[in-house]
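Residues per chain are reported as follows:
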Amino acid sequence: MCGKTGIGVAVAALMGSFASAGAPTVDGTLDAAYGPLASIQGNSTGFGDNSDDHVGYSGGSELDGGVATMSNGKLFIHLGGNIEHNYNKVEVFIDARDGGQNRILGINPDVGFGALQRMGDDGTGNGLTFDAGFDPDLYLSIGCGDNADGNGINSYIDYAELRTNGDGFGAYAGSGSSYSIDGTDYIEPSTGDYGITVAINNSNIGGVIGGDGSDCGAPEDVAVTTGIEIEIPLYLFDWDFEGLPYDDVKLCVFVNSSDHGWVSNQILGSLDASANLGEPRQVNFDNIDGPQYFALGDEGEPCIPATIGACCFANGECWEGVTDDHCDTNRGLWIGEDTTCVECDLGGGNDCPTDIDGSGTTDVDDLLQVIGNFGNVCP
Ligand SMILES: [Ca+2]
Ligand SMILES: [Ca+2]
Ligand SMILES: [Ca+2]
Ligand SMILES: [Ca+2]
């Protein structure tokens, strides 16, 4: 590790042209220094829509938008959204140099409890495959769980090199925390041995909704400004001390289950109206429309929010803010755009239950119906 200091000088010189933009602050909140979003989510989340605005706790995971920039020899990444505090993972793959692994090999370092082994080739030639032209060189995994103090979460970061023929270096890269005490929020970015820093602000309750249809992570071009923010020293890519140009940096980011074994539908670049992808070794982004990666300097495509309304169920339950498709899948009755649960009317569940004949008033005709049926045993 001691030889890396020399490379830092070359990197610093290169990065001079970006210095005027300023460096983002790694606190989980989007900075102006990033510029416009490079990638915007276009798919509802199959990993739960968060409704808890706590800075640490989150009841779901989504990636509403992504953007990255370089400054002072570091790569900064902001991912708008939130990650459930159940150790589900945000998997970050970065292509920043020649070589790398277009398909995750079976001979990578064991980090994050077998992360790359779970996603990579199991010996049969499978393994998660990226779009053609995306050959990541570095992997980062981020998860979080309850901090046991009852006031927030601790985060855990792992990283690994993805050398062309495998067998790179990898290690646990530190821990941070996000919590709230007496109404004051605290976000402590991770610290570790490799200069990688991650901050999580899980307070987002906007962005995409739950489901597997089309949606928009930045409706009317307004980005979700809180989420996961990452700082990575560029020298971590330069394991042969070559003085790399870093002139074509691309990222693929997705949410995965806690054991790295079930890929969600939250990918940046986005899928289009897809369910969760599932088994990672079978995922091949090259067979899915559009690029499942984005580059520094890209500008995300504007997107259209899902049409949402109330979903009424025969048992009297109701969900608000869901799509027609999602309601239908769950055997509910979707009652139209921007409707709310008070509008559910499923016969027995109407808001005037004593108006038995539905005439609009409770009157003697209703009473006669009751008397006529007096003594009936209902199932
Ligand atoms: Ca920030
Ligand atoms: Ca590469
Ligand atoms: Ca959301
Ligand atoms: Ca693709």
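Reading guide: rules and limits
- Residues numbered from 1 in each chain as written.
- Chains lettered and ligands numbered in written order.
- Predicted model: local features only at pLDDT ≥ 70, side-chain atom pairs only at ≥ 80, totals over all residues.
- Helix = DSSP H or I, 4+ residues; strand = E, 2+ residues; numbered from the N terminus.
- Buried ≥ 20, exposed ≤ 12 C-beta atoms within 10 Å, placed from the backbone.
- Contact = placed C-beta atoms within 7 Å.
- Core = buried A, V, L, I, M, F, W, Y, C linked by C-beta atoms within 7 Å.
- Domains from an automatic or database assignment.
- Pairing = 2+ DSSP bridges.
- Axes fitted to C-alpha atoms, helices over the stretch in contact; angles between N-to-C directions.
- Nonpolar A, V, L, I, M, F, W, Y, C, P; charged D, E, K, R; others polar.

## Here we look at the overall build of the protein chain
Then, in step 1: Counting its regular elements, the protein chain contains four helices and 16 strands.
Then, in step 2: For the C-alpha atoms alone, the extent of the protein chain along its principal axes is close to 95 × 50 × 40 Å.
Then, in step 3: Sorting the 379 residues of the protein chain into buried and exposed places 50% on the buried side.
Then, in step 4: Put simply, of all contacts in the protein chain between residues at least 6 apart along the chain, 68% involve residues at least 24 apart.

## Some points on the nonpolar core
Nonpolar side chains in soluble globular proteins generally cluster together in the buried interior.
Then, in step 1: Core analysis: the largest hydrophobic core is formed by 89 residues, its most contacted members being Ala 68, Val 92, Leu 138, Leu 140, Tyr 159, Leu 251 and Val 253.
Then, in step 2: For this core, the two domains that each supply at least three residues are domain 1 (4–295) and domain 2 (307–346).
Then, in step 3: Setting aside its immediate chain neighbours within four residues, Leu 251 contacts Gly 66, Ala 68, Ile 77, Val 92, Phe 93, Ile 94, Tyr 293 and Phe 294.

## Points about the sheet that holds strand E14 (residues 309–312)
Whether parallel or antiparallel, the strands of a sheet pair through hydrogen bonds between backbone atoms.
Then, in step 1: Pairing is antiparallel across the open sheet formed by three strands, whose spatial order is E15-E14-E16. In the strand order of this sheet, the two ends are held by strand E15 (318–322) and strand E16 (333–337), each with one partner. For this sheet the average axis-to-axis angle between neighbouring strands, irrespective of direction, equals 20 degrees.
Then, in step 2: Here three bridges tie E14 to E16, and the two strands are oriented antiparallel to one another. Bridge pairing links Gly 309 to Glu 337 in E16.

## Thoughts on the domain arrangement of the protein chain
By a frequent convention, interface size equals the accessible area lost on bringing the separate parts together.
Then, in step 1: Parsing the protein chain into structural domains produces domain 1 (4–295), domain 2 (307–346) and domain 3 (352–379).
Then, in step 2: By residue class, the composition of the side of domain 1 that touches domain 2 is one nonpolar, three polar and no charged.

## Observations regarding unusual backbone geometry
Then, in step 1: Gly 269 follows Leu 268 through a cis peptide bond whose omega is -5 degrees.
Then, in step 2: In this model, Tyr 246 sits at a positive phi of 50 degrees, which is unusual for a non-glycine residue.

## Considerations on the pairing of strand E11 (residues 250–256)
Look at any regular strand and the pattern is simple: side chains alternate between the two faces of the sheet.
Then, in step 1: With seven of seven residues buried, E11 is to be regarded as a mostly interior element.
Then, in step 2: As paired elements, strand E4 (residues 86–95) and E11 share seven bridges and run antiparallel to each other. Across the sheet, Ile 94 pairs through a bridge with Leu 251, a residue of E11.
Then, in step 3: Looking at chain direction, E11 and strand E13 (residues 294–295) are connected through two bridges and run antiparallel. The residue bridging Lys 250 from the neighbouring strand is Ala 295, located in E13.
Then, in step 4: Looking at chain direction, E11 and strand E12 (residues 263–268) are connected through three bridges and run antiparallel. Paired with Phe 254 across the bridge in E12 is Ile 267.
Then, in step 5: Between E11 and the antiparallel strand that follows it, E12, lie six residues; His 260 among them carries a positive phi value of about 65 degrees.

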